[in-house]
Amino acid sequence: DSTGGNFVMDVSGCIVTNMTFDREEVPQYAVTVLAADYGSPPKSTTGILTVIVLDANDNSPIMESSFYTATVSEIIPIGTSILRVNATDMDNGTNALVSYSIVEDTAAAFFVVNKSSGVLHAANLSLYEQQHFYQFHILAQDGGVPPLNATALIHIFSTDYNVHPPVFGQSSYSAELRENLAPG
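All of the points below concern the structure found in this document. Residue numbering note: each chain is counted from 1, following its sequence as written. Given that the model is predicted, a residue must reach a pLDDT of at least 70 before its local features are reported, and side-chain atom pairs must reach 80 or more before they are shown or counted; all residues, however, enter totals for whole chains, interfaces and linings. Water and hydrogen atoms play no part in the side-chain values, which are based on all heavy atoms of the structure.

## Some details on the packing of aromatic side chains
A ring pair, where both rings are aromatic, is described by two values, the distance of the centres and the angle of the planes. By convention, a stacked pair of Phe, Tyr or Trp rings (six-membered ring in the case of Trp) has centres within 6.5 Å and planes under 30 degrees apart, an edge-to-face pair has planes over 60 apart, and any other such pair is tilted. As enumerated under the stated definition, the model contains 8 aromatic pairs in all. Geometrically, the ring pair formed by Phe 110 and Tyr 134 is tilted, given 5.0 Å between the ring centres and 55 degrees between the ring planes. Taken together, the positions of Phe 110 in the loop between α1 (105-108) and β10 (111-113) and Tyr 134 in strand β12 (residues 133-142) put the pair 24 residues apart, joining distant regions of the chain. Relative accessibility under 20% of the residue-type maximum defines a buried residue, over 50% an exposed one, and the middle range a partly exposed one, all with a 1.4 Å probe and only protein chains included. Here Tyr 134 falls in the buried class, since its relative accessible area comes to 3%. Relative to Phe 136, the ring of Phe 111 lies with its centre 5.2 Å away and its plane at 25 degrees, an arrangement referred to as stacked. In this pair, Phe 111 sits in strand β10 while Phe 136 sits in strand β12, placing the two residues 25 residues apart along the sequence. Classification of Phe 111 by relative accessible area gives buried; the value is 1%. Members of the aromatic cluster, connected to one another through ring pairs, are Phe 110, Phe 111, Tyr 134 and Phe 136. Comment: elements are numbered from the N terminus, with helices defined as DSSP H or I runs of at least four residues and strands as E runs of at least two.

Following this line, the structure appears as structure tokens:
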């Protein structure tokens, strides 16, 4: 056959595989089949059999980076994009569809990740008032059965924004100084 011995024809005329296939390496094969009779003179013809290799969920998503970090102001508006995680999957079709989620429930009170785009958004107005540093994981999971996944570590630093003006403890103050007092 023209596929390097990947297919063979048994004695009954059935074409059988002679190897294990990997769609990511070769997604399809064109097998030339020769049919010949034993007539006199012998006659023959050829045909092309196209073999399409179906996808198995044999590849996990791969994160673009295993670690993402961002610094945001404590007064970041709800819904503001903070960063985007990205994962790719070498599989095909549903097996390659990647969805994203936050692993730790504690982070979900402050952040939300778009399931399809991987964009992380602020979900709470007072990040800095709660804490100055957030650490959590985002999971990238493919659509295969069973699903395969990968994670990335996220670090978000929240910077203080001076939202509270200084306040005097009373409405007026007074002080008395002696005349001719030395400086200091």
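The structure having been displayed, the exposition proceeds.
## Some thoughts on the pairing of strand β11 (residues 119-122)
Along β11, one buried face is formed by Val 119 and His 121 and the opposite face, lined by Leu 120 and Ala 122, is buried too. Relative to β11, strand β7 (residues 81-84) is paired through 3 bridges, and the arrangement is antiparallel. Note that in β11 the partner of Leu 83 across the bridge is Leu 120. Pairing between two strands requires that DSSP report at least two bridges joining them. Judged from the 3 bridges that link them, β10 and β11 form a sheet pairing that is antiparallel.

Spatial relationships are all this shows, so hold off on functional conclusions.
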